[in-house]
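Spelled out, the chains give:
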Amino acid sequence: MKNRHDVSRVVALVPAAGQGVRLGESMPKAFVPVGGSPMLTLAIDGLIASGVVDHIVIMTPAELVGEAQGLLAGHLGSACPVPVGVVPGGTERTDSVRAGIAAAPQASHFLVHDAARALTPPTLIARVVAELRAGHSAVVPGLPVTDTIKSVDAQGDVTGTPDRAGLRAIQTPQGFEADLLRRAYAAGLQATDDAALVEAFGARVRVIPGEPMAFKITTPLDLHLARTLLAERDEPGQALSTGAMR
């Protein structure tokens, strides 16, 4: 019987080159500590704990590649079960992902995962990969939208109210058949996320239920929430439950 590593190479690409201006910190967002650990190491820990990732590529600002390598070496040690590499990212997120794709020619599937979604449960990562292995070429997690959504024009006037029953707030990791993502990036398309890129390329994207804990740490309020959740988890007799966030 073949080992899954003989036929499947799941490579997680972690863009970590963003400056995080909205977070209001004095360092790139991925290096901001949450519960005593940088977001980047928390995100990497979750990918490794999922048990479904074969290789991790992190894309940081060029001037921080050495710092990231040192940080990860100290955090993971020599016994890390998953190879972790760091490459220079780009000015835009798409530039960083493109660099990560180029660094992983052996991949059969890609996960693109935001370092800022540092509390993403490993079980969610495993579910995305399970859907890929079941034959879906593009898989993203998403949560139902709870607020009423309005579309507005340039003057701020409402132009429509979409039915929120059919809307989802999309999270990461976003998973793709590797050749599909390579072709979408090679086409030079522009989009706000990787799923939108492959949608524009004509691919069907499957949405699976996301997790509240996979929220993106973007603002000071998000950062406060993440730090509070980790502090509660670390209290004696406390466990961090995704159900508590629903």
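From a predicted model like this one, the values you see are computed outputs, not experimental measurements.

Student: How should I be thinking about helix α5 (residues 122-133) in this particular structure?
Tutor: Think of an α-helix as turning once every 3.6 residues; residues three or four places apart then point the same way. Here α5 spans 17 Å end to end across twelve residues, near enough to the 16 Å set by a 1.5 Å rise per residue. Taken together, the buried positions of α5 are Leu-124, Ile-125, Val-128, Val-129 and Leu-132. The arc that holds the buried residues of α5, viewed along the axis, is 135°, so those residues lie on one side. Tucked into the core, α5 has its buried residues touching β1 (10-15), α2 (39-49), β6 (109-112), β7 (138-144), β11 (174-177) and β12 (206-209).

Student: Is there a simple way to explain the environment of Thr-148 in this structure?
Tutor: Within the element layout of this structure, Thr-148 appears in the loop between β7 and β8 (151-152). Along the primary structure Thr-148 and Arg-164 are separated by 16 residues, whereas in three dimensions their C-alpha atoms are 6.7 Å apart. If we ignore the near neighbours within four places in the chain, the residues touching Thr-148 are Thr-161 and Arg-164.

Student: Hey, could you run me through the layout of surface pockets in this one?
Tutor: Approximately 790 Å³ is the volume attributed to the largest pocket. As for the largest pocket, its lining consists of 32 residues, of which Gly-18, Lys-29, Arg-93, Asp-114 and Lys-216 are closest to the centre. The residue inventory of the lining of the largest pocket, partitioned by class, reads ten nonpolar, 13 polar and nine charged.

Student: I keep staring at the UniProt feature "site: Transition state stabilizer" (unreviewed entry) in the protein and nothing clicks. Help me out?
Tutor: When the UniProt feature table is mapped to this numbering, "site: Transition state stabilizer" (unreviewed entry) covers Arg-22 and Lys-29. Filtering the just-named annotated residues for those lining the largest pocket gives Arg-22 and Lys-29. Mapped onto the secondary structure, Arg-22 falls in the loop between β1 and β2 (33-34). If near-sequence neighbours (up to four positions away) are discounted, Arg-22 is found in contact with Thr-218, Thr-219 and Pro-220. One can find Lys-29 in the loop between β1 and β2.

Calculation criteria
Residues numbered from 1 in each chain as written. Predicted model: local features only at pLDDT ≥ 70, side-chain atom pairs only at ≥ 80, totals over all residues. Heavy atoms only, no water. Helix = DSSP H or I, 4+ residues; strand = E, 2+ residues; numbered from the N terminus. Expected span 1.5 Å × (residues − 1). Buried < 20%, exposed > 50% of the residue type's maximum accessible area, 1.4 Å probe, protein only. Arc of directions from axis to C-beta. Contact = heavy atoms within 4.5 Å. 1 Å grid on protein atoms, 1.4 Å probe; cavity = no way out; pocket = protein on both sides within 12 Å on 5 of 7 lines; lining within 4 Å. Points joined across faces, edges and corners; volume = space filled by probe spheres on them. Nonpolar A, V, L, I, M, F, W, Y, C, P; charged D, E, K, R; others polar. UniProt positions renumbered as here; feature names shortened; annotations may be inferred.

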